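What follows is each chain in one-letter form.
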Amino acid sequence: METIIEKTTDQIALEILKFRIKERVEKQKFYKDQRKAVHNKLPRTMDPQKAASEHSFYRHVLRLDYAAYGLLKGKTFSQIENKFPEENHPLNQWKREIEFTIDALRKAVDKNKTK
């Protein structure tokens, strides 16, 4: 019985994470356009330096979110990003932060289930 509940919790966490990734990708596209000095697709609404720093931040956050999404789906780091072998994969240095994201999602789902 516990495995069914755990699987359902992970499925809900995957849906939440998928939605969060979609929102952040839209922000990333906006910041990418705003950091350009010329040939903007959208009207300029922020300073290019601020947009560049936000773009850099969201690039890091999205990478970790994609890693958390892959781990929830049962993949390893080397399956998520094929560039590196599993032993010395760069995502290993962010493993604690990725696991924290997954745990926070699971807790949020469990908290909403008990209500």
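Our subject in this report is the structure included herewith.

**Re the packing of helix α2 (residues 48-72) against helix α4 (residues 95-114)**
- One way to put it is that α2 packs onto α4 with a least axis distance of 9 Å and a crossing angle of 65 degrees. Of the two possible hands of crossing, α2 and α4 adopt the one that is right-handed. On α4, the residues touching His60, Leu64, Asp65, Ala67, Ala68, Leu71 and Leu72 of α2 are Glu97, Ile98, Thr101, Ile102 and Arg106.
- Looking at the contact of α2 with α4, its residues break down into seven nonpolar, two polar and three charged.

**Some thoughts on the nonpolar core**
- Counting residues in each nonpolar core, the largest one holds 16 residues, and the members touching the most others are Leu17, Leu72, Leu91 and Ile98.
- Mapped onto this core, the elements with two or more residues apiece are α1 (2-34), α2 and α4.
- Sorting elements by how many residues they give to this core places α2 first, with six residues.
- Ignoring anything within four residues of it in the chain, the contact list for Leu72 reads Asp10, Ala13, Leu14, Leu17, Ile102 and Arg106.

Parameters at a glance
Residues numbered from 1 in each chain as written. Predicted model: local features only at pLDDT ≥ 70, side-chain atom pairs only at ≥ 80, totals over all residues. Heavy atoms only, no water. Axes fitted to C-alpha atoms, helices over the stretch in contact; angles between N-to-C directions. Helix = DSSP H or I, 4+ residues; strand = E, 2+ residues; numbered from the N terminus. Left-handed = near helix turned anticlockwise from the far one by under 90°. Contact = heavy atoms within 4.5 Å. Nonpolar A, V, L, I, M, F, W, Y, C, P; charged D, E, K, R; others polar. Core = buried A, V, L, I, M, F, W, Y, C linked by side-chain atoms within 4.5 Å. Buried < 20%, exposed > 50% of the residue type's maximum accessible area, 1.4 Å probe, protein only.

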